[in-house]
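Structural overview
Residues per chain are reported as follows:
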Amino acid sequence: MIHERVGDHVPVMGVGMLRAPEEVMKAFETGVPLIALGRELIMEPQWVQKVQAGEENKIRTTLSKKDQKELAISDKMWKYYTGIPDWLPIV
């Protein structure tokens, strides 16, 4: 609705709870030109590349403490992220 009113005069970004490629594509189909994938890119830095390659099944959808080092998440940021209830799916 916002995009319909402002058109191309103001950039509009879709944000929030988009996790699966299908959800992102559905959001794009509404006409919103930009989609935020912050949480997904923290968990899976190669998210876009894996979707483009048709490798959605290889996208990391949960995190464990062992992933922290591989993803270069500092202890301070790990504590911050894990302190937000249900924001990151930690197993």
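This report concerns the structure included in the present document. (Residues numbered from 1 in each chain as written. Predicted model: local features only at pLDDT ≥ 70, side-chain atom pairs only at ≥ 80, totals over all residues. Heavy atoms only, no water.)

**Here we look at helix H2 (residues 21-28)**
Turning to H2, its buried residues are Pro 21, Val 24 and Ala 27. Down the axis of H2, the smallest arc covering the buried residues is 125°, so these residues share one side. For H2, exposure combined with an orientation more than 90 degrees from the buried face picks out Glu 22 and Lys 26. In the core, the buried residues of H2 are packed alongside strand E2 (34-35) and helix H4 (47-52). (Buried < 20%, exposed > 50% of the residue type's maximum accessible area, 1.4 Å probe, protein only. Helix = DSSP H or I, 4+ residues; strand = E, 2+ residues; numbered from the N terminus. Arc of directions from axis to C-beta. Contact = heavy atoms within 4.5 Å.)

**Some thoughts on unusual backbone geometry**
Its identity as a non-glycine residue notwithstanding, Ala 72 has a phi of 55°, on the positive side. One non-glycine residue with positive phi stands out, namely Asp 86, at about 65°. As for its placement among the helices and strands, Asp 86 is situated in the segment after helix H6 (75-82). Given the relative accessible area of 74%, Asp 86 is considered exposed.

**A look at the layout of surface pockets**
Computed from the structure, the largest pocket encloses a volume of approximately 160 Å³. What lines the largest pocket is a set of 13 residues, among which Arg 19, Glu 40, Met 43, Arg 60 and Thr 61 lie closest to the centre. Here the lining of the largest pocket is composed, by residue class, of six nonpolar, one polar and six charged. (1 Å grid on protein atoms, 1.4 Å probe; cavity = no way out; pocket = protein on both sides within 12 Å on 5 of 7 lines; lining within 4 Å. Points joined across faces, edges and corners; volume = space filled by probe spheres on them. Nonpolar A, V, L, I, M, F, W, Y, C, P; charged D, E, K, R; others polar.)

**A few points about the nonpolar core**
Within the largest apolar cluster, nine residues are counted, these being Val 12, Leu 18, Val 24, Ala 27, Val 32, Ile 35, Leu 37, Trp 47 and Ile 59. Within the second largest apolar cluster, seven residues are counted, among which are Leu 63, Leu 71, Ile 73 and Trp 78. (Core = buried A, V, L, I, M, F, W, Y, C linked by side-chain atoms within 4.5 Å.)

**Observations regarding the pattern of salt bridges**
Counting across every chain of the model gives six salt bridges. Put simply, Lys 50 and Glu 44 hold a salt bridge, and the shortest N to O gap is 3.2 Å. Here Lys 50 and Glu 44 have matching classes, each one buried. Ionic pairing is found between Asp 67 and Arg 60, a salt bridge with its closest N-O pair at 3.0 Å. (Salt bridge = Lys/Arg side-chain N within 4 Å of Asp/Glu carboxyl O.)

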